[in-house]
Amino acid sequence: MKRHNFSAGPCILPGSVLQQASEAVINFDNGLSLLEISHRSKPFVDVMENARALALELLGLEGKGYKALFLQGGASTQFLMVALNLLEKRAGYLNTGTWSDKAIKEAKIFDDVYEVASSKEANFNYIPKGYDIPEDYDYFHCTSNNTIFGTQMKEFPNSPIPMVCDMSSDIFSRQMDFSKFDLIYAGAQKNMGPAGATLIIVKEDILGKVSRKIPSMMDYKVHISKSSMFNTPPVFPVYVSMLTLRWLKDLGGIAAIEKENDKKAQLIYSEVDLNPLFKGYSTKTDRSTMNATFTLENEDLKETFETMIKEAGINGLNGHRSVGGYRASMYNALPLESVGILVDVMSELERKA
């Protein structure tokens, strides 16, 4: 049976990428496995350079003063690293969910942090709007997509100060002017590769302006100077990320995948809205293209629905405990066919009820 992977992350990857990656584990460089070659060898240095170049190319940031890094530690380490490198006096944060909440907590270790707006009072089911960003702050931080609550920023402010964005769960999924951001970070395990690597896109001219001493491993300038090879990099996740970015480029880039992602989102949300057995969690105007969250109106149907899901080969649909219900994560590599199978199951449940 074909499995339909709606897992929130680590997530589905393109089949061709998995095939190439599995072959490289056996034989990558003249009989040597990708997992056992030197990370300083030319074959892997080429991988790292290609991955970094592809990231900038796909985001339209080549030749615009940005550097791409692949580092360890996940996006959670970036909550701390951003503040270490950029926070001198005060920073403004938009609080739209669990991950921005955690980013705020980490930044508060160093200096004063101000929440410019928050949707916490509604359990983060919408994106705040109409807030002001103080011009005398060091930077403004936002989270583009909220996997747990199924909300997504559809528009970004014209920030008078450097803008930092956690794009872990929707990077490379939709077109936008990425030059509006001075620093972007994203864990690989949503739209790029397996867990273990984090992509950072940073505009060099915002660095080196804090007075504190920054530990070498946490200093963006150090990693830039060493071309993302200051210490042993996460070789396998970087390689898979390179393959995935190459796959995306061959498809036609972000413009092409955005059209597919929109189709998937329209299909699932149409069913959620038309089927009386289901109710969407997030505010309609802020619904995420990547993560559709919804609940059953009648919990008595839960066992039946989940049996039908299992029989259809659907995996990873359970919602986060803070929301409950279900979450259909529809990252770049998830085919429209899989969303169609889920919608068919939801429709069939209505007919049975």
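Residues numbered from 1 in each chain as written. Predicted model: local features only at pLDDT ≥ 70, side-chain atom pairs only at ≥ 80, totals over all residues. Heavy atoms only, no water.

Visitor: Looking at this structure, how should I read the packing of helix α6 (residues 235-251) against helix α7 (residues 253-274)?
Guide: Helix-helix packing: each pair is described by the crossing angle between the helix axes and the interaxial distance. With their axes 7 Å apart at the nearest point, α6 and α7 run at an angle of 80° to one another. Between α6 and α7, the interaxial angle falls into the category roughly perpendicular. Between α6 and α7, the contacting residues are Trp 247, Leu 248, Lys 249 and Leu 251 on the first element and Gly 253, Ile 254, Ala 256 and Ile 257 on the second. Class assignment of the residues belonging to the contact of α6 with α7 gives a composition of six nonpolar, one polar and one charged. (Axes fitted to C-alpha atoms, helices over the stretch in contact; angles between N-to-C directions. Helix = DSSP H or I, 4+ residues; strand = E, 2+ residues; numbered from the N terminus. Parallel < 35°, antiparallel > 145°, perpendicular 65-115°, else oblique. Contact = heavy atoms within 4.5 Å. Nonpolar A, V, L, I, M, F, W, Y, C, P; charged D, E, K, R; others polar.)

Visitor: I would appreciate a short explanation of the environment of Leu 61 in the present structure.
Guide: Mapped onto the secondary structure, Leu 61 falls in the loop between α2 (42-59) and β2 (66-71). Spatially, the C-alpha atoms of Leu 61 and Asp 177 are 9.3 Å apart, while their sequence positions differ by 116 residues. For Leu 61, the residues in contact, after removing those within four places along its chain, are Leu 56, Tyr 66, Phe 178, Ser 179 and Ile 201.

Visitor: What exactly am I supposed to notice about the sheet that holds strand β4 (residues 112-118) here?
Guide: Within a beta sheet, neighbouring strands are joined by backbone hydrogen bonds and run either parallel or antiparallel to one another. In space, the seven strands of this open sheet follow the order β2-β10-β9-β8-β5-β3-β4, with mixed pairing throughout. The strands lining the two open edges of the sheet, one partner per strand, are β2 and β4. When the angles between neighbouring strand axes are averaged without regard to direction, this sheet yields 20°. Of the strands in this sheet, β2, β8 (163-166), β9 (183-187) and β10 (198-203) are in contact with helix α3 (residues 74-86), which crosses β9 at around 160°. (Pairing = 2+ DSSP bridges.)

Visitor: Explanation requested: the sheet that holds strand β14 (residues 326-329) in the structure shown.
Guide: Spatially, β11-β12-β14 is the arrangement adopted by the three strands of the open sheet, whose pairing is antiparallel. Lying at the two open borders of the sheet, with one neighbouring strand each, are β11 (278-280) and β14. Between one strand axis and the next, the sheet turns by 35° as a mean value, whatever way the strands run. In the sheet, β11 pairs with strand β12 (residues 291-296) via three bridges, with the strands oriented antiparallel. Bridging from a neighbouring strand, Gly 280 pairs with Phe 294 of β12. Across the face of the sheet, α7 comes into contact with β11 and β12 while running at roughly 20° to β12.

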